[in-house]
Amino acid sequence: MKILITYFGFAYIISWIVWFPLYGQELGLKVMPIIPFQHGIGGLGPLVASFLTTWIYYKNKGLKKLFKKCIQIKPILYLVIALLTPFLLALIATIMNSAINEAPINLSGLLTVKEFPNFNLLTFFIYNLIFFGFGEEVGWRGFALPRIQNKFNALTSSILLTIFWAFWHLPLFFNGPGYTSMEFTDVFGWFFSLLTGSILLSWLFNSSKGSILICAVFHSTIDIAFTADFADQNIVNYMGFLITVWGILTIIYFKPKNLAKIEREKKPAYNKV
């Protein structure tokens, strides 16, 4: 528990300090000038927190093992799933939108995003992979999840982690792309989508024997699918529905205990990595 409290404390403090120029001005506070990619840089908080906490409690041995998980590319099957399934869901959602609402199918917007009009798909993927894929997943799944799974089953751990994960986003509701316009019902839907994503990420993490790389890739491609220019509100809703169904089927098939066909990933609470 002490280790997790240390980690979450560092993750919140680091990200919230970096984001302060973004939301501080909305609170009427005098802040420093905003720098390019400040939102993304704040996303590195969980990564920095995980390495810092690992060094404090486990020193170099722990850092080496954590880094090894960051570059673990196998099993390849799960890497392919992480890379391609969000785009497949986006395609299915677009087809559903066309069939239900008679909207034209236009996937060209999948290659662009309004937040960064000069980015192409590869550039936006790399941006997401660095700042939010590895930036978040080294911490949430790589560090926190296996330690929570010491005490709880995989499903309960996913739910508990979602609460901490959601609270980390709090400053973005004052000045964050897509957050400031949310109504109460939107926030509820956002939290539920975060929970579904947490379940799927736990499934990928446990099934791949703790590959942070695979989780980082999935986090990145999901973000792209939901924020690309082609995704109007109907398509976003259909993608949310599809991911929810996927999450429910994952729980039913892989069972709450491990959310995998193998034993869930665990870490000893003290003294060992």
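The rules behind each value
- Residues numbered from 1 in each chain as written.
- Predicted model: local features only at pLDDT ≥ 70, side-chain atom pairs only at ≥ 80, totals over all residues.
- Heavy atoms only, no water.
- 1 Å grid on protein atoms, 1.4 Å probe; cavity = no way out; pocket = protein on both sides within 12 Å on 5 of 7 lines; lining within 4 Å.
- Points joined across faces, edges and corners; volume = space filled by probe spheres on them.
- Helix = DSSP H or I, 4+ residues; strand = E, 2+ residues; numbered from the N terminus.
- Nonpolar A, V, L, I, M, F, W, Y, C, P; charged D, E, K, R; others polar.
- pLDDT = per-residue confidence, 0-100.
- Salt bridge = Lys/Arg side-chain N within 4 Å of Asp/Glu carboxyl O.
- Buried < 20%, exposed > 50% of the residue type's maximum accessible area, 1.4 Å probe, protein only.

Turning to the layout of surface pockets, a few remarks are in order. Estimated volume of the largest pocket: approximately 1,600 Å³. Every residue lining the largest pocket is counted, 47 residues in all, and those nearest its centre are M182, W190, S193, F226 and T227. With 11 residues, helix α8 (residues 184-207) is the largest single contributor of residues to the lining of the largest pocket. Its residues placed into classes, the lining of the largest pocket shows 24 nonpolar, 16 polar and 7 charged.

What follows concerns empty space enclosed by the protein. A water-sized probe rolled over the atoms picks out the places where empty space is left. Applying the stated criterion across every chain yields a total of 1 cavity of 30 Å³ or more. Each pocket or cavity is described by its volume, and for the largest cavity that value is around 110 Å³. Residue lining of the largest cavity: 13 residues in total, with L66, K69, G142, R147 and K267 positioned closest to the centre. Elements supplying a minimum of two residues to the lining of the largest cavity: α3 (45-70) and α5 (121-148). Counting residues per element, the lining of the largest cavity draws most heavily on α3, which supplies 5 residues. Residues that form the lining of the largest cavity fall into these classes: 4 nonpolar, 4 polar and 5 charged.

Let's shift gears to the confidence of the model for the protein chain. Across the protein chain, pLDDT averages 90, with 93% of residues at or above 70. Within the protein chain, the lowest mean pLDDT, 82, falls on helix α7 (residues 172-175), and the highest, 97, falls on helix α6 (residues 154-168).

Scanning all chains against the criterion turns up 2 salt bridges. Here R141 and E137 are joined by a salt bridge, their closest N and O atoms 2.6 Å apart. Remark: E137 and R141 occur in helix α5; sequence separation between them is 4 residues, near one turn of the helix. Here E137 falls in the buried class, since its relative accessible area comes to 0%. K266 is the salt-bridge partner of E263, the closest N and O atoms lying 3.4 Å from each other. Looking at E263, the relative accessible area reads 43%, which means it is partly exposed. Residue classification places K266 among the partly exposed residues on the basis of a relative accessible area of 39%.

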